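What follows is the residue order along each chain.
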Amino acid sequence: MNITKNSLPDNVRRSIATLLQDMLSDSIDLGTQAKQAHWNVKGPSFIALHELFDEIHSQVNAQSDLIAERLVALGGQAHGTARAVASQSTLPEYPLNVTAQQLHIDALSTVLATFGAAMRDAAKEAVSVGDESTADLFTEVSREMDKSLWLVEAHI
């Protein structure tokens, strides 16, 4: 941990840094999965889904940045390389050989739901160790994931 004058106790910052890193890995993975869907979707709703998946990718990238910045602000170090993320992400693997829009909708809705649930759990954990600010960040991200999930599931 890097030295900081942040008023959270060291043990809280260490716990939260680990939690933030876990969520960062999943969020970066989610962003790449949304881009995978964006590039490869085909079907009657192509343009709507192509644009929606790109919007989700952009949104998740912005959220990843917020998570990483919170991690570093608390004295941690963000590990966001492709190799670090691949070894740490807990999200389901995205199918690489699909093009049909329904398969992309199913795959992306699965990871959005999984990530949203993980964010809610992380918010509860952050509160339990005494960091309501990070819990607020996780809650904000979970709300956005719920909205993205709704928008993707509207195509079912």
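As a reminder, the structure under discussion sits directly above these lines.
Note that this is a predicted model, so its numbers are computed, not measured. (Residues numbered from 1 in each chain as written. Predicted model: local features only at pLDDT ≥ 70, side-chain atom pairs only at ≥ 80, totals over all residues. Heavy atoms only, no water.)

Participant: Looking at this structure, I do not really get helix α2 (residues 46–73). What am I missing?
Facilitator: Over its 28 residues, α2 extends 40 Å from the first C-alpha to the last, a length consistent with the 40 Å expected when each residue adds 1.5 Å. Note on α2: the residue one or two positions beyond its end, G75, has a positive phi of about 100°. (Helix = DSSP H or I, 4+ residues; strand = E, 2+ residues; numbered from the N terminus. Expected span 1.5 Å × (residues − 1).)

Participant: Any chance you could explain the pattern of salt bridges here in plain terms?
Facilitator: Between side chains of opposite charge, a pair can form as their charged atoms come close. All told, the structure shown has 4 salt bridges when counted by the stated rule. Here K35 ties to D54 by a salt bridge, and the two come within 2.5 Å at their closest N and O atoms. A residue pair is termed long-range when its members are at least 10 positions apart, and K35 in helix α1 (residues 10–40) and D54 in helix α2 qualify at 19 residues. On the basis of relative accessibility, which here comes to 17%, the residue K35 falls in the buried class. Its relative accessible area of 26% is what places D54 among the partly exposed residues. With a closest N to O distance of 3.0 Å, D146 and R120 form a salt bridge. You can see D146 sitting in helix α5 (residues 132–153) and its partner R120 sitting in helix α4 (residues 101–129), a full 26 residues away along the chain. (Salt bridge = Lys/Arg side-chain N within 4 Å of Asp/Glu carboxyl O. Buried < 20%, exposed > 50% of the residue type's maximum accessible area, 1.4 Å probe, protein only.)

Participant: I tried to follow the environment of A34 on my own but got confused; where do I start?
Facilitator: Along the chain, A34 falls in helix α1. For A34, the residues in contact, after removing those within four places along its chain, are F53, I56, H57 and L108. (Contact = heavy atoms within 4.5 Å.)

Participant: Can you walk me through the packing of α4 against α5 in this structure?
Facilitator: A pair of packed helices is captured by two measures, namely the crossing angle of their axes and the spacing between those axes. Two numbers describe how α4 lies on α5: the axes approach to 8 Å, and their chain directions differ by 160°. Overall, the two elements α4 and α5 adopt an arrangement that is roughly antiparallel. Crossing of α4 against α5: the hand is left-handed. Broken down by class, the residue content of the contact of α4 with α5 amounts to 16 nonpolar, 6 polar and 4 charged. (Axes fitted to C-alpha atoms, helices over the stretch in contact; angles between N-to-C directions. Parallel < 35°, antiparallel > 145°, perpendicular 65-115°, else oblique. Left-handed = near helix turned anticlockwise from the far one by under 90°. Nonpolar A, V, L, I, M, F, W, Y, C, P; charged D, E, K, R; others polar.)

From the geometry alone we can't say anything about function, so treat these as descriptive.
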